[in-house]
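# Structural features, examined
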Amino acid sequence: MLFLGSIQRNLRVTCFSFLIIGVADQVLAKDRLLQMSWWLHEGEHFSVVTNMPDKGDDVVADLELFRAVVLRFTGFKAVEDRLPTRAVIFAKKSEFARIVDRASTLGYTSTTLRSNRMVSSGGKLNVEQRHIVFHEYIHYLLRSATNDNHPSWYDEGLAEMLSTVYERNGQVFVGSAPDVHIRFLNSNQLQMPAGSFVHTDDLSNWHPLKVSAFYATSWAMVNYIYADKTGERAEMLSDYLARLRRAEPREAAFEQAFDMQPRGLVRRSRRYLSRRNRAFLQYPRDSFTIHTETTRRKLSKEEVAYELAYLAMFSNTELARKLVEEILQEDPDNASMRMMLAVTYQADEEYQRGIEIARASLSLANQKGVRDVLLEIDLADMLMVWNRDACARKEADHQVPARHREGDEKDVKQDSAETCRARYVEAKEAYLRGLAIEPNNPEVRAGLAWALLKLEQELGQALRHIEFALDYQPWSPTLQYRAGMIHKGLDQRDLAMKRLRKALYWAKDGDLREDAAAALAEF
């Protein structure tokens, strides 16, 4: 039986409450991050969480300007923001480093079906931080505007170029040179055929030095194309992309559009970038119409703990758990923080303990009459991830996943088919409860499609759910892979191959790439 009866459930909640109270009785050191004042600044397209209340509005305005520049530069009139974007800006690098547990990292962007998050430190973003934090957001913004599979050199080169947008003295500049790329190009550390840059989308097995060369060269080529004030090279690029949309072979499309081979464009871009007086694209700041109005409020201690624990979850679980337990010390019946505690155990692969806490958290919320879609999603996701790691043999195609193939260093215990199926059923029921709470939540729809796929049930419904989620993240290799496998289960060969090829194109994870390639090979 998957769900406990009312007596058993109440007993579990009671026992768990004693556990939390036991923690509360201990003397826990107060974390200084939770003792600070944190503020939420909300603008038209961005929200900013920061412990520098005097700079939050400036960061919002900066982000709004950046977004407007990218849209004008690329020619997109408007892009619908399907997901909220939140920037978390720490006052000090030491505070940021505690969260990511990597002192050398300046910032990052992560995109999930729940939100986009930009994370950095030091107040107003400098050029180097922009380069890091904006890169992935540009991918999100542009892929939200078009479903085209751009070649990687253009996709990455454009993101590299636009991620250096900055404002000075009322002028907005596009195309400044990241020092890391200029140093690499000038050093000639790696010479390789230009065709390998232009015609490949798979960098997963490349040496790091070769990957650096790819990003530097891609940035140089895109920068060179757009720096032409006559617009002639930009027209060539448009022709090239149009040819690719017509499924012309890449080599022929490139040579026809640019009237040269790739090595010619690489050589010209390198020569252009060696000039000290190379052009920058420049726009007056007041030529952009942006909304800079914001609302501001101070966050509660619980909100701060949830925000920071969410960020720290998979890089510093010890800190995440400490933040959560500090709130539970004061409020043992906080279901959201209990669920966050459960997720910290999932992150440490202590699945049994995490699931017990998650079930108790959800039970407590139900007793209070609280219906929270995130609680349902988190429980279901934990069950699905547990099965991913503990159920080595896939139900749908009976292949051993790449992560558990021979030679894997991690010895994973394989649970029985009955145990795995029971978890899938429990996850499905949790997703269905979440769907009843928020029918248009893309995260719950994607999860339900995943559970139905694993159970080989209602694949037509699963397809509708995954397509709904893909409207929010059409470039997600995971969603594309699952959609491909659902089409495969429905015996829709051409659609399955189309989705699996997209998954292979966007996948950076070796396991997912191998699984997509294996599924394609079956056709």
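As shown above, the structure is provided for reference.
Just so it is clear, the structure is predicted and the values come from calculations on it, not from any experiment.

Reading the values: the criteria
Residues numbered from 1 in each chain as written. Predicted model: local features only at pLDDT ≥ 70, side-chain atom pairs only at ≥ 80, totals over all residues. Heavy atoms only, no water. Helix = DSSP H or I, 4+ residues; strand = E, 2+ residues; numbered from the N terminus. Buried < 20%, exposed > 50% of the residue type's maximum accessible area, 1.4 Å probe, protein only. Contact = heavy atoms within 4.5 Å. Areas by Shrake-Rupley, 256 points an atom, 1.4 Å probe, with all protein chains shown as cover. Phe/Tyr/Trp six-rings, centres within 6.5 Å; stacked < 30°, edge-to-face > 60°. Lys NZ or Arg CZ within 6 Å of the ring centre and 35° of its normal. Expected span 1.5 Å × (residues − 1). Pairing = 2+ DSSP bridges. Axes fitted to C-alpha atoms, helices over the stretch in contact; angles between N-to-C directions. Salt bridge = Lys/Arg side-chain N within 4 Å of Asp/Glu carboxyl O. Parallel < 35°, antiparallel > 145°, perpendicular 65-115°, else oblique. Left-handed = near helix turned anticlockwise from the far one by under 90°. Disulfide = S-S within 2.5 Å.

Here we take up the overall build of the protein. Helix and strand counts for the protein come out as 23 helices and nine strands. By the burial criterion, 54% of the 523 residues in the protein qualify as buried. When contacts within the protein are restricted to residue pairs at least 6 apart in sequence, long-range pairs at least 24 apart make up 69% of them. A total of about 24100 Å² of accessible surface is found on the protein, and carbon and sulfur atoms cover 48% of it.

Going through the model one piece at a time under the given rule, you end up with 20 aromatic pairs. Their ring planes at 85 degrees and their centres at 5.5 Å tell us that tryptophan 38 and phenylalanine 90 sit as a pair that is edge-to-face. A residue pair is termed long-range when its members are at least 10 positions apart, and tryptophan 38 in the loop between α2 (32-35) and β1 (39-42) and phenylalanine 90 in strand β3 (residues 85-90) qualify at 52 residues. Each member of the pair, tryptophan 38 as well as phenylalanine 90, carries the same accessibility label: buried. Here the guanidinium or amino end of arginine 82 rests over the ring plane of tyrosine 472, the centre of that ring lying 4.1 Å away.

Once that is clear, we can look at helix α20 (residues 459-472). Under the 1.5 Å per step criterion, the end-to-end length of α20 is 20 Å for 14 residues, consistent within 8% with the ideal 20 Å. By the burial criterion, the buried members of α20 are Leu459, Ala462, Leu463, His465, Ile466, Phe468, Ala469, Leu470 and Tyr472. Among the structural elements, α18 (417-437), α19 (442-455), α21 (477-489) and α22 (493-506) are those in contact with the buried residues of α20.

Moving on to the sheet that holds strand β7 (residues 171-174). Overall, antiparallel pairing links the three strands, which are arranged β6-β7-β8 in an open sheet. Two strands bound the open sheet, and with one partner strand each, they are β6 (166-168) and β8 (281-284). Ignoring which end each strand starts from, the neighbouring axes of this sheet average 30 degrees apart. Two elements, β7 and β8, share four bridges in a ladder whose sense is antiparallel. When the bridges of β8 are listed, glutamine 171 appears paired with proline 284. Where helix α3 (residues 56-74) meets the sheet, its contacts fall on β6, β7 and β8, and the angle it forms with β7 comes to roughly 60 degrees.

This part covers the environment of arginine 338. Residue position: arginine 338 is located in helix α15 (residues 335-347). Sequence separation between arginine 338 and alanine 358 is 20 residues, and the spatial gap between their C-alpha atoms is 7.1 Å.

With that out of the way, let us pick up the pairing of β3. Of all the six residues making up β3, five are buried; the element is thus mostly covered by neighbouring parts of the structure. Inspection of the sheet shows strand β2 (residues 46-50) paired to β3 by five bridges, in the parallel sense. Bridge assignment links threonine 50 to a residue of β3, and that residue is isoleucine 89. With six bridges connecting them, β3 and strand β5 (residues 116-121) associate as parallel partners. Residue pairing across strands places alanine 87 opposite methionine 118, the latter belonging to β5.

Looking now at the pattern of salt bridges. One pass over the structure, following the stated rule, counts 22 salt bridges. With its nearest N and O atoms 2.8 Å apart, the salt bridge here joins aspartate 348 to arginine 321. Remark: arginine 321 occurs in helix α14 (residues 317-330) and aspartate 348 occurs in the loop between α15 and α16 (351-367); sequence separation between them is 27 residues. By relative accessible area, arginine 321 is classed as buried at 15%. Because the salt bridges share partners, they merge into one network encompassing Lys30, Lys301, Glu326 and Glu330.

Our next topic: helix α10 (residues 232-245). In an α-helix, one full turn covers 3.6 residues, which means residues spaced three or four apart are oriented alike. Over its 14 residues, α10 extends 20 Å from the first C-alpha to the last, a length consistent with the 20 Å expected when each residue adds 1.5 Å. Residues Arg233, Leu237, Tyr240, Leu241, Ala242, Arg243 and Leu244 constitute the buried set of α10. Alanine 247 sits one or two residues past α10 and shows a positive phi near 65 degrees.

Attention now goes to the packing of helix α17 (residues 373-390) against α18. To describe two helices that pack against each other, one gives the angle between their axes and the distance between the axes. Where α17 contacts α18, the axes come no closer than 8 Å and their chain directions differ by 160 degrees. By the angle between their axes, α17 is roughly antiparallel relative to α18. Remark: the crossing between α17 and α18 carries left-handed chirality. Contacts between α17 and α18 involve Val373, Glu376, Ile377, Leu379, Ala380, Asp381, Leu383, Met384, Trp386, Asn387 and Ala390 from the first element and Cys420, Arg423, Tyr424, Glu426, Ala427, Ala430, Tyr431, Arg433, Gly434 and Ile437 from the second.

Throughout the structure, instances matching the rule amount to one disulfide. Across the disulfide from cysteine 391 sits cysteine 420; the S-S distance is 1.8 Å. Across the disulfide from cysteine 391 to cysteine 420, rotation about the S-S bond amounts to roughly -105 degrees, and the bridge is consequently left-handed. On the criterion of sequence distance, the pair formed by cysteine 391 in the loop between α17 and α18 and cysteine 420 in helix α18 is long-range, its members being 29 residues apart.

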